[in-house]
Amino acid sequence: ALGVAARVPVRPTEALVSVTSVETHNPAAPNESVAMISFEFDAWVGRPLADTGLYGYLPELAALVREGTVFLVFYNPRCSHCHELFEAHFAGALTLPVIAIEIPPPPGGTLVETDEPTEIQCPECQRLSLPTTNAWGVTPPAVVRIEDGIVRCAGEANALTPTDCIGAITTTLPAGAPR
């Protein structure tokens with residue numbers, strides 16, 4: 001048994017979620033700090049989603065990603081690249097489940113004006129939102145492809161083209177809709 005155990009590859013323990021403290025810019029509560037949560041998406045690949053720490057922030061995901069292929073798309077409604085991604089890949093009838101996860105602004109944060117719509121185009125997406133009590137160190141859009149509970153592809157906009165993880169999904173747009 002020891003010989004077999006000695007030959008079993010062991011993955012090094014890696015940080016899957018990093019937590020730091022950042023000060024808020026809330027004039028009503030100067031010197032207040034909140035947790036900045038960053039997901040280490042590249043370390044998620046090949047692991048069960050249950051091992052990533054994401055369920056601690058979105059426990060409802062556990063029941064949604066057990067079987068089949070599911071896409072998680074982290075987005076910010078003020079992000080033009082997010083809107084482009086949803087319009088190009090998720091605006092029509094979906095062939096695979098997509099869970100759109102909104103990244104809220106940090107507590108006490110000031111949002112800049114934008115001409116982006118307040119909602120993304122994804123009528124068949126299930127919608128979730130990360131908790132508003134933390135600051136989120138996620139560069140949107142970030143896409144995670146899960147197959148039978150295992151992360152097969154994951155990346156943020158600055159680390160990987162989000163469409164690299166989407167390859168398997170297709171949509172059917174309504175007749176006459178622009179592509």
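In this text the structure is predicted, and so the values were computed from the model without any measurement.

(A) The overall build of the protein chain, seen in detail. Looking only at helices and strands, one finds 3 helices and 10 strands in the protein chain. Along the protein chain, helices and strands appear, N-terminal first, in the series α-β-β-α-β-α-β-β-β-β-β-β-β. Across the 179 residues in the protein chain, those meeting the buried criterion constitute 37%. Contacts in the protein chain between residues at least 24 apart in sequence constitute 71% of all its contacts with a sequence separation of at least 6. Accessible area for the protein chain stands at about 9,800 Å²; split by element, carbon and sulfur atoms hold 54% of it.

(B) Structural detail: the pattern of salt bridges. Following the criterion strictly, the structure yields 3 salt bridges and no others. Across the pair Glu-147 and Arg-152 runs a salt bridge, and its minimum N-O distance is 3.8 Å. Residue classification places Glu-147 among the partly exposed residues on the basis of a relative accessible area of 28%. One network of salt bridges, with partners in common, ties together Arg-145, Glu-147 and Arg-152.

(C) The arrangement of helix H3 (residues 80-89) in detail. Burial in H3 covers these residues: Cys-82, His-83, Leu-85 and Phe-86. One side of H3 carries all its buried residues, which in axial view fall inside an arc of 160°.

(D) Inspection of the state of the cysteines at higher detail. Here the structure, examined in full by the defined rule, presents 2 disulfides. The disulfide bridge from Cys-122 ends at Cys-125, spanning 1.7 Å between sulfur atoms. With the S-S bond torsion at 65°, the cross-link from Cys-122 to Cys-125 turns out right-handed. Under the relative-accessibility criterion, Cys-122 is labelled buried at 1%. For Cys-125, a relative accessible area of 10% corresponds to the buried category. The disulfide bridge from Cys-153 ends at Cys-165, spanning 2.0 Å between sulfur atoms. Because the sign of the S-S torsion sets the handedness, a value of about -75° for the bond joining Cys-153 and Cys-165 places this disulfide among the left-handed ones.

(E) Just the nonpolar core, in detail. Phe-39, Leu-54, Leu-72 and Phe-74 are the most contacted members of the largest nonpolar core, which totals 24 residues. Broken down by secondary-structure element, the contributors of at least two residues to this core are strand E2 (33-39), helix H2 (41-44), strand E3 (69-75), strand E5 (98-102), strand E8 (142-147) and strand E9 (150-155). In contact with Leu-72, not counting residues within four places along its chain, are Leu-49, Leu-54, Leu-61, Val-65, Ile-99, Ile-101, Ala-142, Val-143, Val-144 and Ile-146. In terms of nonpolar packing, the next biggest core, distinct from the first, is built from 18 residues, Phe-71, Ile-120, Cys-125 and Val-143 among them.

(F) Quick peek at the packing of aromatic side chains. Tallied over the full model, the rule gives 10 aromatic pairs. Here Phe-39 and Tyr-57 contribute two aromatic rings whose centre-to-centre distance is 6.1 Å and whose plane-to-plane angle is 65°, an arrangement assigned as edge-to-face. Linking Phe-39 in strand E2 with Tyr-57 in the loop between H2 and E3, this pair joins segments that are 18 residues apart in sequence. Within the aromatic cluster, the residues linked to one another by ring pairs are Phe-39, Phe-41, Trp-44, Tyr-57, Phe-74 and Trp-136.

Cut-off values and rules
Residues numbered from 1 in each chain as written. Predicted model: local features only at pLDDT ≥ 70, side-chain atom pairs only at ≥ 80, totals over all residues. Heavy atoms only, no water. Helix = DSSP H or I, 4+ residues; strand = E, 2+ residues; numbered from the N terminus. Buried < 20%, exposed > 50% of the residue type's maximum accessible area, 1.4 Å probe, protein only. Contact = heavy atoms within 4.5 Å. Areas by Shrake-Rupley, 256 points an atom, 1.4 Å probe, with all protein chains shown as cover. Salt bridge = Lys/Arg side-chain N within 4 Å of Asp/Glu carboxyl O. Arc of directions from axis to C-beta. Disulfide = S-S within 2.5 Å. Core = buried A, V, L, I, M, F, W, Y, C linked by side-chain atoms within 4.5 Å. Phe/Tyr/Trp six-rings, centres within 6.5 Å; stacked < 30°, edge-to-face > 60°.

Geometry only, nothing functional implied.
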